[in-house]
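# Examination of the molecular architecture
Here is what each chain is made of, one letter per residue.
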Amino acid sequence: MSAGCWMLQQVCLERSVSWEGCPADFQLLFLGTADVAVLAAEMNDHVNVVGIDPSQKMLDIGKGKVMKKQMTERVQLLIGKAEDLSQFKEGSFDHEIVSFGVRNFQDREAGLKEMARVLKKNGRVAILELTGTDENEKGPLSPAREFFISTVMPFIGGLISGKRETYG
């Protein structure tokens, strides 16, 4: 969805997870698009991925992709929000990834605290995000980027998910 940022997501996955030597029960929590959850499962046969998304429509699209790739044994997609991961016990995940989703957290602090709670000791978190810049760092393309991030991406996310308020 994030317009051509697929390669960034792939690089984030490749560089943030120590794929060699992953234990057979490596648990990855993914908050965001199912495409990256599937990619993670494709990168290592030992990875079990739990994907969380607040939109049932997005989950349905993702579940179709998971079924098509025959990964239902290792990729589980659930409805939910980062701010409430109560279905998971403390220290459940070896690694957590948020791809273009922190900006959609209704309460960033609560979401990050919940992520920390369910992360195993010495676990890793990778966040890939597009955000606004400091007022002092604005360049000639800043207005176009701000328009894209604040208007175009939320509009597309709302259309795809059917939940415009989630992306507004």
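Everything discussed here concerns the structure shown above.
These lines cover the structure that appears in this document, whether it is placed above or below. Worth saying up front: this structure is predicted, and the values here are computed from it rather than measured.

## Overview of unusual backbone geometry
Positive phi, normally seen in glycine, also occurs at Gln 70, with a value near 55 degrees. The residue Asn 122 is not glycine, and still its phi comes out positive at about 70 degrees. Examined against the element boundaries, Asn 122 turns out to sit in strand β5 (residues 119-128).

## Digging into the sheet that holds strand β1 (residues 26-31)
Strand order in the open sheet formed by five strands is β3-β2-β1-β4-β5, with parallel pairing between adjacent strands. The outermost strands of the open sheet, each flanked by one partner alone, are β3 (75-79) and β5. Within this sheet the neighbouring strands show an average axis-to-axis angle of 20 degrees, counted without direction. Both strand β2 (residues 47-53) and β3 contribute to a ladder of five bridges, which runs parallel. Note that in β3 the partner of Gly 51 across the bridge is Leu 77. The sheet strands contacting helix α3 (residues 56-68) are β2 and β3, and the helix crosses β3 at an angle near 170 degrees. On top of the sheet, helix α4 (residues 108-118) reaches β1, β4 (93-99) and β5; it is set at about 140 degrees to β5, its chief contact.

Calculation rules
- Residues numbered from 1 in each chain as written.
- Predicted model: local features only at pLDDT ≥ 70, side-chain atom pairs only at ≥ 80, totals over all residues.
- Heavy atoms only, no water.
- Helix = DSSP H or I, 4+ residues; strand = E, 2+ residues; numbered from the N terminus.
- Pairing = 2+ DSSP bridges.
- Axes fitted to C-alpha atoms, helices over the stretch in contact; angles between N-to-C directions.
- Contact = heavy atoms within 4.5 Å.

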